[in-house]
Amino acid sequence: MGKTYERIDGRLRTFIEAQPLFFTATAPLSGDGTVNLSPKGLKGSFVILDELTVAYLDFAGSTAETVAHLRENGRITLMWCAFEGPPNIVRVHGRGEPVFRDDPRFPELLTRFPDIDATDHGLRAVIVVRAELVRDSCGYSVPFMSYDGDRDLHGKRFAREDDASLSAYFEKKDHIATSLDGLPGLPLPLPPSTV
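Residues numbered from 1 in each chain as written. Predicted model: local features only at pLDDT ≥ 70, side-chain atom pairs only at ≥ 80, totals over all residues. Heavy atoms only, no water.

A tally of regular secondary structure across the chain gives 5 helices and 8 strands. Each helix and strand of the chain, ordered N terminal to C terminal, gives the series β-α-β-β-β-β-α-β-β-α-β-α-α. A compact globule built from 195 residues would reach a C-alpha radius of gyration of about 16 Å, and the chain, at 17 Å, matches this within 12%. Its C-alpha atoms give the chain principal-axis dimensions of roughly 50 × 40 × 30 Å. (Helix = DSSP H or I, 4+ residues; strand = E, 2+ residues; numbered from the N terminus. Rg over C-alpha atoms; globule rule 2.2 N^0.38 Å.)

Given below as structure tokens:
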């Protein structure tokens, strides 16, 4: 049933780009470390950069586990499920990197996300993932669910923050600068936005 793909193109690319939700999974090297699994959404916050590279915007949240794990070891899996139409699950296993706001690549990467105002969401980094293995599977047990639209709560909450207040917000959180397992997370204070 499952198939391995050489690249993200054609029907596979069309499927990924049509999904309003995907999941990311990361883990520290430590065998007793905390595995992280996060849902990601918001229209326009994910792009395919080329046939083996994808990126998504890392917005404000209560932890920075993905960033911490990527800084330690780079391992990441992204997964999309078909909740409408034919059953399908696609996974991209690869190496990821957080590109922070003070990185020279950051402004150019942001141009690849024209369909979202990143300043409304407390943008922390752009996560860039290079695929090492791309596979699909049947998805026969994934339920049908309808997509009604993005929630506006995240944008409403973080649109009122400037760089200084956003950095202060992150500094008050226990697991932004340091992960649940004590790994370096988001570098603070937050560098000024280049957007």
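We now examine unusual backbone geometry. Phi is mostly negative for residues that are not glycine, and the peptide bonds are mostly trans. Here the bond from Leu188 into Pro189 is cis, since omega is 5°, no more than 30 degrees from zero. Mapped onto the secondary structure, Pro189 falls in the segment after α5 (163-172). Even without being a glycine, Leu42 presents a positive backbone phi close to 75°. Its place among the elements puts Leu42 in the loop between β3 (36-40) and β4 (46-50).

In this section: the pairing of strand β5 (residues 53-58). Within β5, 6 of the 6 residues are buried, which leaves it mostly tucked inside the rest of the structure. Linkage of β4 to β5, two consecutive antiparallel strands, is achieved through a turn of 2 residues. Where β5 lies against strand β8 (residues 125-137), 6 bridges are found, and the strand directions are antiparallel. Bridge pairing links Thr53 to Arg130 in β8. (Buried < 20%, exposed > 50% of the residue type's maximum accessible area, 1.4 Å probe, protein only. Pairing = 2+ DSSP bridges.)

Overall, the coordinates contain 0 disulfides when judged by the stated rule. The structure places no disulfide on Cys81, whose sulfur is separated from the nearest cysteine sulfur, that of Cys138, by 11 Å. (Disulfide = S-S within 2.5 Å.)

Once that is clear, we can look at the pattern of salt bridges. Counted according to the given criterion, the structure contains 10 salt bridges. Here Arg95 makes a salt bridge to Glu132, at a shortest N to O gap of 3.7 Å. Linking Arg95 in strand β7 (residues 89-100) with Glu132 in strand β8, this pair joins segments that are 37 residues apart in sequence. Note that Arg157 and Glu161 form a salt bridge whose closest N and O atoms lie 2.6 Å from each other. If you follow the salt bridges from partner to partner, you end up with Glu97, Asp103 and Arg105 in one network. (Salt bridge = Lys/Arg side-chain N within 4 Å of Asp/Glu carboxyl O.)

What follows concerns the side chain of His69. When you line up the elements, His69 lands in helix α2 (residues 65-72). Of the residues examined, His69 reaches a relative accessible area of 0% and is grouped as buried. Within the structure, the side chain of His69 is placed 3.4 Å from the backbone nitrogen of Ala27, a separation counted as a polar contact. With residues near it in sequence (within four places) discarded, His69 still touches Thr26, Ala27, Pro28, Thr34, Asn36, Gly74, Asp181 and Leu183. (Polar contact = N/O pair within 3.5 Å; in protein donor to acceptor, adjacent residues only side chain to side chain. Contact = heavy atoms within 4.5 Å.)

Turning next to helix α1 (residues 10-18). Given 3.6 residues to a turn, an α-helix orients residues that are three or four positions apart in the same direction. If you check which residues of α1 are buried, you get Leu12, Phe15 and Ile16. For α1, the arc enclosing every buried residue in end-on projection is 95°, short of the 170-degree limit, so these residues lie on one face. Opposite the packed face of α1, turned more than 90 degrees from it, sit the exposed residues Arg11, Thr14 and Ala18. Among the structural elements, β1 (3-5), β4, β6 (75-81), β7 and β8 are those in contact with the buried residues of α1. (Arc of directions from axis to C-beta.)

On to the nonpolar core. Ile16, Phe46, Leu78, Trp80 and Phe170 are the most contacted members of the largest nonpolar core, which has 33 residues in total. Looking at this core, the elements with two or more residues in it are α1, β4, β5, α2, β6, β7, β8 and α5. With 5 residues, the single largest contributor to this core is β8. Those residues in contact with Ile16 that lie beyond four places of it in its chain are Ile8, Phe46, Ile48, Trp80 and Val90. Within the second largest apolar cluster, 16 residues are counted, among which are Leu42, Leu57, Phe106 and Leu110. (Core = buried A, V, L, I, M, F, W, Y, C linked by side-chain atoms within 4.5 Å.)

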